[in-house]
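# Coordinates in review
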Amino acid sequence: MGAYLLRRLIMTVLVIVLVMAFLGALVHIIPGDPVTLMLGPRATPDLIAQVRSQMELDQPVYTQVGHFMIRAAQGDLGVDFVTDTSVMDLVIQALPPTLTLAALSLILAAIFGIPLGILSATRPNSLLDRVTAVFSVSMITIPPYVAGLLLLVIFAVRLKALPSIGSGDISDPVDYFLHLILPVTALAITWIGYIARLVRSSMLEVLNADYIRTARAYGLSDRRVAYKYALRNAIIPTIAVLGVAFGSLIGVAIFVEVIFARAGLGMLVFDAIQSRNYPLVRGGVLAIAILFVLANLVADLTYQIVDPRIRVRSGSSS
Amino acid sequence: MAISTPPRAASSTRQSRLHGVATTLQQLVHRPAGLIGLVIVVGLIILAVAPGVFAPYEPDAQTISDRLQGPSMDHLLGTDRIGRDTLSRLIFGVGIALVVALPAVLSALVIGLLLGIVAAWRGGLIDSLLVIVMDVLQAFPAVILALALLALLGPSLRNVIIVIAIAFIPNYARVSRALVFSAKANQWVEAERALGASTLRIVFTHILPNILPPLFILMAMDIPSAIVIEAGLSFLGLGVQPPTPSWGAILSDGFQNIIQSPWAVVFASIILMITTLGFTMLGETLRDIVDPRLSGLTRRRW
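Residues numbered from 1 in each chain as written. Chains lettered and ligands numbered in written order. Predicted model: local features only at pLDDT ≥ 70, side-chain atom pairs only at ≥ 80, totals over all residues.

## Structural notes on the overall build of chain A
Helix and strand content of chain A: 13 helices and two strands. Along the first, second and third principal axes, the C-alpha set of chain A runs to 85 × 55 × 35 Å. In chain A, once contacts between residues fewer than 6 apart in sequence are set aside, the share between residues at least 24 apart is 72%. (Helix = DSSP H or I, 4+ residues; strand = E, 2+ residues; numbered from the N terminus. Contact = placed C-beta atoms within 7 Å.)

The following block contains the structure:
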């Protein structure tokens, strides 16, 4: 376990370093000049040359990538030349709203998904189980932006019941909360279905195990067997999936942030792309990638720690 | 992810393979989810092949006097902000969705497969290098990687195909690598080698037929993800550009006029949901029939 943990941590650090190098080099891998793109067709050659040297684009590729990595490691992602603010500050400002959105969506997904999964698993092939199965697949396949747009149409445009624009006023908790309802629901829908299915299948797997039959033979009630033994085992993959889901939500949040005009990491990247603000795109994407990698790491380690069976197996797979 | 392939007869003839496809199809239509999925997918393909037969108007035909209308007899699903018929645009959009998703997923499969075979067969440094490169590509959520690449490449239909393919390659490379590793460990590979078969011969006649079925299943399940990513990128204005009737562009257009007329958004959402549901049901049923042990292959990709 210790060796695995160490290897996994080293790999994670290596991947993050390489992601920085990748993002630093991306502008050179891909054809086209970012400065010309950024400044548009009316830029004078002088201005282009000035911005190029400001962005160090006139230096050799490896120097640029090296500089970017060294500075990024020190928490300096460069300066956003549109607003003349540090990119790092802008990214840090954008973090809390996106993290809140992702965390609340996960909680909502777990609150609905886990009980649905338990209900189906304890009554396999019942009407309820079948209906849940259909709903789960449907929810999983709904694209997040479709969920967001439909919620917007129903609750904000038609019913005018909930606010649809902006993040709300943070000093007014009720207002802030109301602004969160639709975006959080839009992001949670996919994962409600996913978690329900996962809990169902892993509980059923456990319910068919020998030790559950033994427990039943000893006269324990079905309820007790289901909740005390089966659920405990079924919850392990669910916890791990929550980590994966968190990473995925950080990326998908961009759609919901754009639809509901919320500040956040996704909105930052979207705006930066619109204004062709390359350093800001790079900073925002780097932040998303780091969060994504860390979320997957946490998911993986949780799985390893909580389930001793995986630990034994992990020796053979890489 | 270690997946062991069923030890198929190494010398499966064309006939027996055809027979296999026929029985799979038979099993497919006998499951409700498979049948529904198949009907939806076949329906979409028909719409994509001959949109003109079903669409009442040309996708760009404008009737300025009928702007932003709700459903009516003239325009069953309403019109957009410059009076184009939403139903017709959605029908022509089927083709766009498939023309992006199919080549993207297919090229991801081919490139990933080649990389996976080389890595698993050569091992050593090449293998480690490939694993790290794939790790770096998978350090981004697929949508964000596609977005970042598109921001530099510039939005166009061709570029959308390229970036989706790049985002999907790592998974195919990883799965093929694992499959080749486990196929390589089989005794019949060793026996072939002892008989003097060349590496290329072993790979093409013995390894490939064994590892392709799970990869095709993965492909079937990635098609809806590719459709969703394309529509998402186009919705953000970074994918297929107007006036091409991409579903994402229709959503984006409708979103801008959502207060005056939410119909375009509603109907584009519905067709997207039906499409992803159909492809997913088909893909998952195929997976359950071909090899239920592959259920670990289900992954969220957006």
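There's more to say after this.
## Quick look at the environment of Met 281 of chain B
Its location among the elements puts Met 281 of chain B in helix H11 (residues 263–290). For Met 281 of chain B, a count of 26 C-beta atoms within 10 Å gives the class buried. Apart from the residues lying within four places of it in its own chain, the contact partners of Met 281 of chain B are Val 137 of chain A together with Ala 33, Gly 34, Ile 36 and Gly 37 of chain B. (Buried ≥ 20, exposed ≤ 12 C-beta atoms within 10 Å, placed from the backbone.)

## Some details on the interface of chain B and chain A
Contacts between chain B and chain A engage 38 residues on the former and 38 residues on the latter. Sorting the residues of the side of chain B that touches chain A by element identifies helix H5 (124–137), helix H6 (142–153), helix H9 (199–235), helix H10 (247–256) and H11 of chain B as the ones contributing at least two each. Broken down by element, the residue count for the side of chain B that touches chain A peaks at nine residues, all from H11 of chain B. Partitioning the side of chain B that touches chain A into residue classes produces 31 nonpolar, five polar and two charged. (Nonpolar A, V, L, I, M, F, W, Y, C, P; charged D, E, K, R; others polar.)

## Section: the packing of helix H5 (residues 87–122) of chain A against helix H10 (residues 222–259) of chain A
All names here are of chain A. Where H5 meets H10, the closest approach of the two axes is 8 Å, and the angle between their N-to-C directions is 145°. Where H5 crosses over H10, the handedness of that crossing is right-handed. Residue-level contacts link Thr 98, Leu 101, Ala 102, Ser 105, Leu 106, Ala 109, Ala 110, Ile 114, Ile 118 and Thr 122 of H5 to Ala 226, Leu 231, Thr 238, Leu 242, Ala 245, Phe 246, Leu 249, Ile 250, Ala 253 and Val 256 of H10. (Axes fitted to C-alpha atoms, helices over the stretch in contact; angles between N-to-C directions. Left-handed = near helix turned anticlockwise from the far one by under 90°.)

## Some remarks on helix H6 (residues 127–141) of chain A
Across its 15 residues, H6 of chain A extends 22 Å between first and last C-alpha, which sits within 8% of the 21 Å expected from 1.5 Å per residue. If you check which residues of H6 of chain A are buried, you get Thr 132, Ser 136, Met 139, Ile 140 and Thr 141 of chain A. Those residues of H6 of chain A that are buried lie in contact with H5 and helix H8 (173–207) of chain A together with H9 and H11 of chain B. (Expected span 1.5 Å × (residues − 1).)

## Topic: the confidence of the model for chain B
Residue and element names in this part refer to chain B. Confidence in the prediction for chain B averages 86 pLDDT; 91% of positions are at 70 or higher. With pLDDT under 50 throughout, residues 1–11 is counted as low confidence; its partners more than four residues away or in other chains account for 22 contacts. Our summary of model confidence lists the complex with pTM equal to 0.88 and ipTM equal to 0.87. (pLDDT = per-residue confidence, 0-100.)

## Section: the environment of Leu 128 of chain A
All names here are of chain A. Position of Leu 128 relative to the elements: it lies in helix H6. Among the residues examined, Leu 128 registers 14 C-beta atoms within 10 Å and is labelled partly exposed. Leave out the neighbours within four places in its chain, and Leu 128 touches Leu 119, Ser 120 and Arg 123.

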